[in-house]
Amino acid sequence: MRRLVQRRGGRSPHERAARQARHERAQLGVAADIAITARRRALAEQLTAAYHGPDERVLRGRVTVDDVLEYARQHFGLVAVAREEAAAALRARFELRGGRCDLDTDAYTR
């Protein structure tokens, strides 16, 4: 009969690294959501302040990879995030949240 040995922490180093990577990707996704929401709120404030009639031009906001990196640093303490990873997270959340109707982004140029 084999004896089952439970390792400290219950996971191998590979499993822990994979779990940490998933966690950081999730945090980047939340940072991208925060950046998109902040830009949409700022755009809504601009629209209500500048609305003069039905002939007004529709304003578009812009959310950048730098915004995502800044929110990731502020909210989660992520300071060593590659710009490519932040751009990928922004692209995914931008498409999921239908950002093309009111926002532009630089995530596709990276």
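Note that the structure is a prediction, hence the values are computed from the model and not measured.

Between helix H1 (residues 13-50) and helix H3 (residues 83-96), the shortest axis-to-axis distance is 9 Å and the interhelical angle comes to 60 degrees. The orientation of H1 with respect to H3, classified from their angle, is oblique. Where H1 crosses over H3, the two elements pack in a sense that is right-handed. Two secondary-structure elements touch here, H1 through Leu 28, Gly 29, Ala 32, Asp 33 and Ile 36 and H3 through Glu 85, Ala 86, Ala 89, Leu 90, Arg 93 and Phe 94. When the residues that make up the contact of H1 with H3 are grouped by side-chain class, the tally is seven nonpolar, one polar and three charged.

Scanning all chains against the criterion turns up one aromatic pair. A ring pair is formed by Phe 94 and Tyr 108, whose centres lie 6.4 Å apart and whose planes are at 70 degrees; its orientation type is edge-to-face. One end of the pair, Phe 94, is in helix H3; the other, Tyr 108, is in the segment after strand S2 (103-105), with 14 residues separating them in the sequence. With relative accessibility at 3%, the residue Phe 94 sits in the buried group. Note on Tyr 108: relative accessible area 38%, which makes it partly exposed.

What counts, and where the lines are drawn
Residues numbered from 1 in each chain as written. Predicted model: local features only at pLDDT ≥ 70, side-chain atom pairs only at ≥ 80, totals over all residues. Heavy atoms only, no water. Axes fitted to C-alpha atoms, helices over the stretch in contact; angles between N-to-C directions. Helix = DSSP H or I, 4+ residues; strand = E, 2+ residues; numbered from the N terminus. Parallel < 35°, antiparallel > 145°, perpendicular 65-115°, else oblique. Left-handed = near helix turned anticlockwise from the far one by under 90°. Contact = heavy atoms within 4.5 Å. Nonpolar A, V, L, I, M, F, W, Y, C, P; charged D, E, K, R; others polar. Phe/Tyr/Trp six-rings, centres within 6.5 Å; stacked < 30°, edge-to-face > 60°. Buried < 20%, exposed > 50% of the residue type's maximum accessible area, 1.4 Å probe, protein only.

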